[in-house]
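# Descriptive analysis of the structure
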Protein chains: 2
Amino acid sequence: MNIGEIARRAGVSRSTVSYVLSGKKAVSEPTRQRIQAVIDELDYRPNATARALREGRTHTLGLVIPPATARLTDMQLGFVASVVEAAARVDLDVLLSPSGGDHDRSFERIVTSRRVDGVILMEIRLEDDRVSRLRQTGLPFVTIGRTADPSGMSWVDVDYAGLISRCVGHLADLGHQQIALVNRSAELVAAGYGPGHRAQVGFSAAVTERGLTGVEVCCGDDASAGEACVEQLLAAHPDVTAIATINEAALPGMQRALDTAGLAVPRDFSVAGVAARHWAEDFRPALTAADLPMLEMGADAVALLMECIATPQAPPRHQLYSPPISLRASTGPVRGR
Amino acid sequence: MNIGEIARRAGVSRSTVSYVLSGKKAVSEPTRQRIQAVIDELDYRPNATARALREGRTHTLGLVIPPATARLTDMQLGFVASVVEAAARVDLDVLLSPSGGDHDRSFERIVTSRRVDGVILMEIRLEDDRVSRLRQTGLPFVTIGRTADPSGMSWVDVDYAGLISRCVGHLADLGHQQIALVNRSAELVAAGYGPGHRAQVGFSAAVTERGLTGVEVCCGDDASAGEACVEQLLAAHPDVTAIATINEAALPGMQRALDTAGLAVPRDFSVAGVAARHWAEDFRPALTAADLPMLEMGADAVALLMECIATPQAPPRHQLYSPPISLRASTGPVRGR
DNA sequence: TTGTACGCGTTATCAT
DNA sequence: ATGATAACGCGTACAA
């Protein structure tokens, strides 16, 4: 079923059918109706591939995700969902590309074969060669997270440094002197993963500024790693009375470890962090945390990308989220000796 | 940059370049090398859209997921990741379509505009009009889960009925007489969601066969729903000593509720279920459960779909998973009075 | 090895 | 004002 068939049945030329479809040129009412009737009857829809070829636009955007082998965290997946949804709202389809290492076939295919109008890049590192690759191809792109030097590109990111600073400040206000940062996994931090790195920076700054003792530990992105991590932390640093964290996937395990150690939250121990609302509220007691606006971030990323596509010469824009810390039940004054 | 440009620079015709690219026809070695050099130099890759138009294949498959508004469960998302990964291994791209209600623009676009070579449909119901829609279009598709009458189509599914039966059997062997089924959400079950429905069936059958008392409750797909659900369950049916569940997302909450009620697992209370390994191992104590082979399911779905695409007239195939129950630490003999 | 038709829809141009 | 003709986007594959 193609446009020629419709034209034949309606007794007109292909172009007339096309004009009825697009409305870009006036077609007399009787003709229009006759054509529309045929279209409706056969449930005809133009071939998206042919249209894309002609228009030079695929109405598709690429979303580069971390490979599934490194289990995606709930937050990453939530982000994928929010991007897909935001794209669907503006009639854009989303092509997924799992891309981990440097040159990945799927990634290359997407960026070099003009399968998409633009790309959203997740989980980027401070130095990220996928970014350089995209830059050199000239394909519009938006990153989630930013590189060390994000000038000249569009991105959305969370101000992990500032948020962790504020968490530490909040804990310090409550009298905590020995505070630990539970970061993301050691591999990620070592690989120059932005949030991990910036959380460190914000943590150090706040600890120094407030004259506190800070302990930094890395922790895998899952519950059992969280449990082991806090267990070790408590053993090595028994005087730590509070944790600040950006590792939401580890929260359930951290909770268990505190439980096992007989530490009641917030009476004996405080925890604050940066997390999607969902995770914060599932913590027991509910976590004092800066709630990441996941849905908004996905929608904004799509919006930024559409801008890049529409006006490539326009100056890039970005969005740095610094949501307020929602005071819940997991932080309290340090226990007197 | 297109094939004509390569041809011009190499001083040959476009067809010759095409043959070098595809290898479908012999090209003399010197010419081949000259052309290849130009291709390498300019890092040329054929336009996927043009190729798709000509070949009538997009090398893309559609994955229809539940809309993000209804937060996707970890399992669903894990499945998405496994499909994407499996597809990437065979050089297929995956186009995501969030589709909830009956006629969704994104779904329609994908199935009627020939954007994809085939579709994988997630989260289908016993009666699912997306299935009917796909059937009438003739687009190859594979479903995750099966409709009431799955004849004539390819699918992969988990034998929830059988697995829940075996869970109940295991609990009965341990002496439990009052067993509850914690199902998926009431809306899903009411909407004719296969796993929910079949879990009910398997549960009833096993309960009857063993002469037990069974209680069925529905439960939202998240931790807090699980907590509330078990809380109510314990209040309404204080003599229940064991739970069988297919609702993995609710597990953390169920755990909390048992905790709060002062019930030690497995001493005072047993829990068994069907869950991805990851969830089972995060339960405390580790959950006795039939471990869902998520990665395998995704890979098999892709493989089945490729078969459908390659030989549309071939008889449809399916895969029913019935993984063994891994005995962990959450089930034990019923406590003597 | 090359010329050329083809896949399908869009749109500028021309004819009525 | 309305509709038709034809070129075009890009790669593929058959006939020559």
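The name given to chain A in an unreviewed UniProt entry is LacI family transcriptional regulator, with Asanoa ferruginea as the source organism.

### Focus: the sheet that holds strand 1 (residues 60-65) of chain B
Strands sit in the order 11(A)-5(A)-4(A)-3(A)-1(A)-2(A)-2(B)-1(B)-3(B)-4(B)-5(B)-11(B) across an open sheet of twelve strands; the sheet is mixed. A strand with exactly one partner marks an edge of an open sheet, and here the two such strands are strand 11 (318-321) of chain A together with strand 11 (318-321) of chain B. Neighbour to neighbour, the strand axes of the sheet diverge by 20 degrees on average, direction disregarded. Two elements, strand 1 (residues 60-65) of chain A and strand 3 (residues 118-121) of chain A, share four bridges in a ladder whose sense is parallel. Across the sheet, the residue bridging to L61 of chain A is G118 of chain A, located in strand 3 of chain A. Docked against the sheet, helix 14 (residues 294-310) of chain B engages strand 1, strand 3 (118-121), strand 4 (141-144), strand 5 (154-158) and strand 11 of chain B, running at close to 155 degrees with respect to strand 4 of chain B.

### Describing the interface of chain B and chain A
Tallying the contact residues gives 50 residues for chain B and 50 residues for chain A. Between chain B and chain A the total buried area reaches about 4500 Å² when both faces are included, carbon and sulfur atoms providing 46% of it. Together, R45, D93 and R114 of chain B form the three largest contributors to the area buried by chain B at its contact with chain A, with a combined 13%. On the surface where chain B and chain A come into contact, there are twelve salt bridges. In this structure, E227 of chain B engages R284 of chain A in a salt bridge whose closest nitrogen and oxygen atoms are separated by 2.9 Å. Our count for the chain B to chain A interface comes out at 26 residue pairs in polar contact (both at pLDDT 80 or more). Every element with two or more residues in the side of chain B that touches chain A is listed here: helix 4 (48-55), helix 5 (74-89), strand 2 (93-98), helix 6 (105-112), helix 11 (223-236), helix 12 (251-260) and helix 13 (277-282) of chain B. The element best represented in the side of chain B that touches chain A is helix 5 of chain B, accounting for eight residues. When the residues that make up the side of chain B that touches chain A are grouped by side-chain class, the tally is 20 nonpolar, twelve polar and 18 charged.

### Let's talk about the relation of the copies chain B and chain A
Note on the identical chains: chain B maps onto chain A by a rotation of 180 degrees and an axial translation of 0.1 Å, with an RMSD of 0.1 Å. Here the transformation between the copies is reduced to the relation of a two-fold axis. The position closest to the rotation axis in chain B is occupied by the C-alpha of L95 of chain B, lying 2.3 Å away. Both copies present the same face, since 100% of the interface residues in chain B are matched by interface residues at the equivalent positions in chain A.

### As for the protein's contact with DNA strand D
The environment of DNA strand D is formed by 26 residues, the closest being T31 of chain A together with I3, K25, Y44 and R51 of chain B. Restricting attention to atoms of DNA strand D within 4 Å of the protein, one finds that 49% of them are sugar or phosphate atoms. Between T31 of chain A and DNA strand D, the recorded distance is 2.3 Å, taken from a side-chain N or O atom to a phosphate oxygen. Between N2 of chain B and DNA strand D, the recorded distance is 3.4 Å, taken from a side-chain N or O atom to a phosphate oxygen. Elements represented by at least two residues in the surface near DNA strand D include exactly helix 2 (14-22) and helix 4 (48-55) of chain A together with helix 2 (14-22) and helix 4 of chain B. With four residues, the single largest contributor to the surface near DNA strand D is helix 2 of chain B. Looking at side-chain class alone, the surface near DNA strand D contains nine nonpolar, nine polar and eight charged residues.

### Brief notes about the side chain of S154 of chain A
On the secondary structure map, S154 of chain A appears in strand 5 (residues 154-158). A polar side-chain atom of S154 of chain A sits 3.1 Å from the main-chain amide nitrogen of R317 of chain A.

### Some thoughts on the domain arrangement of chain A
Residues and elements named next belong to chain A. On domain assignment, one finds that chain A holds domain 1 (3-46), domain 2 (60-158 + 294-321) and domain 3 (160-293). Of note, the centres of domain 2 and domain 3, computed from C-alpha atoms alone, are 28 Å apart. The partner domain 3 presents 17 residues to the 18 residues of domain 2 that form the contact. Between domain 2 and domain 3, roughly 1500 Å² of surface is buried when both sides are summed, and carbon and sulfur atoms account for 59% of that area. Summed over the three residues of domain 2 that lose the most area to domain 3, namely M75, L126 and V158, the buried surface amounts to 38% of that side.

### Quick look at the pattern of salt bridges
Counting across every chain of the model gives 46 salt bridges over all chains. Salt-bridge contacts for D93 of chain A lead to R115 of chain B; the nearest nitrogen and oxygen are separated by 2.9 Å. Highlighted residues: D93 of chain A in strand 2 (residues 93-98) and R115 of chain B in the loop between helix 6 and strand 3, drawn from two different chains. Three or more residues are tied together by salt bridges with common partners; here these are D91 and D93 of chain A together with R105, R109 and R115 of chain B.

### Considerations on the sheet that holds strand 8 (residues 242-245) of chain A
Residues and elements named next belong to chain A. What the six strands build is an open sheet, ordered 7-6-8-9-10-12; its pairing is mixed. The strands lining the two open edges of the sheet, one partner per strand, are strand 7 (213-217) and strand 12 (325-326). Direction of pairing for strand 10 (residues 288-292) relative to strand 12: antiparallel, over a ladder of two bridges. In the sheet register, A289 faces strand 12, and the bridge partner there is S326. Across the face of the sheet, helix 10 (residues 194-210) comes into contact with strand 6 (178-182) and strand 7 while running at roughly 165 degrees to strand 7.

Scoring rules and cut-offs
Residues numbered from 1 in each chain as written. Chains lettered and ligands numbered in written order. Predicted model: local features only at pLDDT ≥ 70, side-chain atom pairs only at ≥ 80, totals over all residues. Heavy atoms only, no water. Pairing = 2+ DSSP bridges. Helix = DSSP H or I, 4+ residues; strand = E, 2+ residues; numbered from the N terminus. Axes fitted to C-alpha atoms, helices over the stretch in contact; angles between N-to-C directions. Contact = heavy atoms within 4.5 Å. Buried area = accessible area lost by both parts, 1.4 Å probe. Salt bridge = Lys/Arg side-chain N within 4 Å of Asp/Glu carboxyl O. Polar contact = N/O pair within 3.5 Å; in protein donor to acceptor, adjacent residues only side chain to side chain. Nonpolar A, V, L, I, M, F, W, Y, C, P; charged D, E, K, R; others polar. Least-squares fit on C-alpha atoms with pLDDT ≥ 70 in both. Near = heavy atom within 4 Å. Domains from an automatic or database assignment.

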